[in-house]
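Inside the fold
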Amino acid sequence: ISGKSQILFAVVFTARYLDLFTNYISFYNTSMKLVYVASSYATVWMIYSKFKATYDGNHDTFRVEFLIVPTAILAFLVNHDFTPLEIMWTFSIYLESVAILPQLFMVSKTGEAETITSHYLFALGIYRTLYLFNWIWRYQFEGFFDLIAIVAGLVQTILYCDFFYLYITKDLPSTM
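Residues numbered from 1 in each chain as written. Predicted model: local features only at pLDDT ≥ 70, side-chain atom pairs only at ≥ 80, totals over all residues. Heavy atoms only, no water.

Here we take up the nonpolar core. Core analysis: the largest hydrophobic core is formed by 30 residues, its most contacted members being Leu 8, Phe 13, Leu 67, Leu 95, Ile 100, Leu 121 and Phe 163. Counting only elements with at least two residues in this core, the list comes to α1 (3-16), α3 (65-77), α4 (84-98), α5 (101-110), α6 (115-142) and α7 (147-169). Setting aside residues no more than four positions away along its own chain, Leu 8 makes contact with Val 64, Leu 67, Ile 68, Leu 95, Ala 99 and Pro 102. (Core = buried A, V, L, I, M, F, W, Y, C linked by side-chain atoms within 4.5 Å. Buried < 20%, exposed > 50% of the residue type's maximum accessible area, 1.4 Å probe, protein only. Helix = DSSP H or I, 4+ residues; strand = E, 2+ residues; numbered from the N terminus. Contact = heavy atoms within 4.5 Å.)

Written out as structure tokens, the structure reads:
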């Protein structure tokens, strides 16, 4: 697993859920946001501390600044409302769309992926693909259309397409 991708996901959830300090929606909503943030930081901690001996930092070499800086600039320039929380939310949407790149780079660099890693990537890709159906549903029944989220989600889904192809045709996880 790429520690750098996991750090990016922790940044994504932190930036996205800054509204925890300003907007209360429900106990469930607050709890789930806290679970997302806490579990993403716990994952990073486990990769770099508890399971450090199993982490291969030599292959996790993607330069994340090439993702963070452009997505931050884009969020600053293209957002729904030029407020700090909205810019951070938009940054999280843009960053999430490319946060998997260090993981995909690591898999392509090593030329292989363990079964569990392949299943993990496939599950993440399916999760993003299901968002497409969510957007269609929300547009049909609520008239809701968020161009920023849709474009970023499409970018993320497209990034998974190559992995999906390999997953299905080459049967990456050989022990299903």
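Let us look at the packing of aromatic side chains. For the structure on display, the rule yields 10 aromatic pairs. Relative to Phe 105, the ring of Phe 62 has its centre 5.5 Å away and its plane inclined at 70°; by these criteria the two rings are edge-to-face. In this pair, Phe 62 is assigned in the loop between α2 (27-50) and α3 and Phe 105 in helix α5, connecting sequence segments 43 residues apart. For Phe 62, a relative accessible area of 17% translates into the label buried. The interplanar angle of 40° and the centroid separation of 4.1 Å between the aromatic rings of Trp 137 and Phe 141 together place this pair among those described as tilted. (Phe/Tyr/Trp six-rings, centres within 6.5 Å; stacked < 30°, edge-to-face > 60°.)

The next thing to look at is the UniProt feature "transmembrane region" (unreviewed entry) in the chain. Per the UniProt record, the feature "transmembrane region" (unreviewed entry) sits at residues 34-51, 88-107, 119-137 and 143-168. Structurally, residues 34-51 is divided into 94% helix and 0% strand, and its ends, taken at the C-alpha atoms, are 23 Å apart. Secondary structure content for residues 119-137 is 100% helix and 0% strand, while the C-alpha to C-alpha distance between its ends is 27 Å. (UniProt positions renumbered as here; feature names shortened; annotations may be inferred.)

Quick look at a nonpolar patch on the surface now. Residues Val 69, Ile 73, Leu 74, Phe 76, Leu 77, Val 78 and Phe 82 make up a contiguous nonpolar surface patch of about 670 Å² in total accessible area. Tracing the sequence through the fold places Val 69 in helix α3. According to the relative accessible area criterion, Val 69 is partly exposed, its value standing at 44%. (Patch = residues over 30% accessible without salt bridge, like charges linked within 9 Å, V, L, I, M, F, W, Y side chains within 5 Å. Areas by Shrake-Rupley, 256 points an atom, 1.4 Å probe, with all protein chains shown as cover. Salt bridge = Lys/Arg side-chain N within 4 Å of Asp/Glu carboxyl O.)

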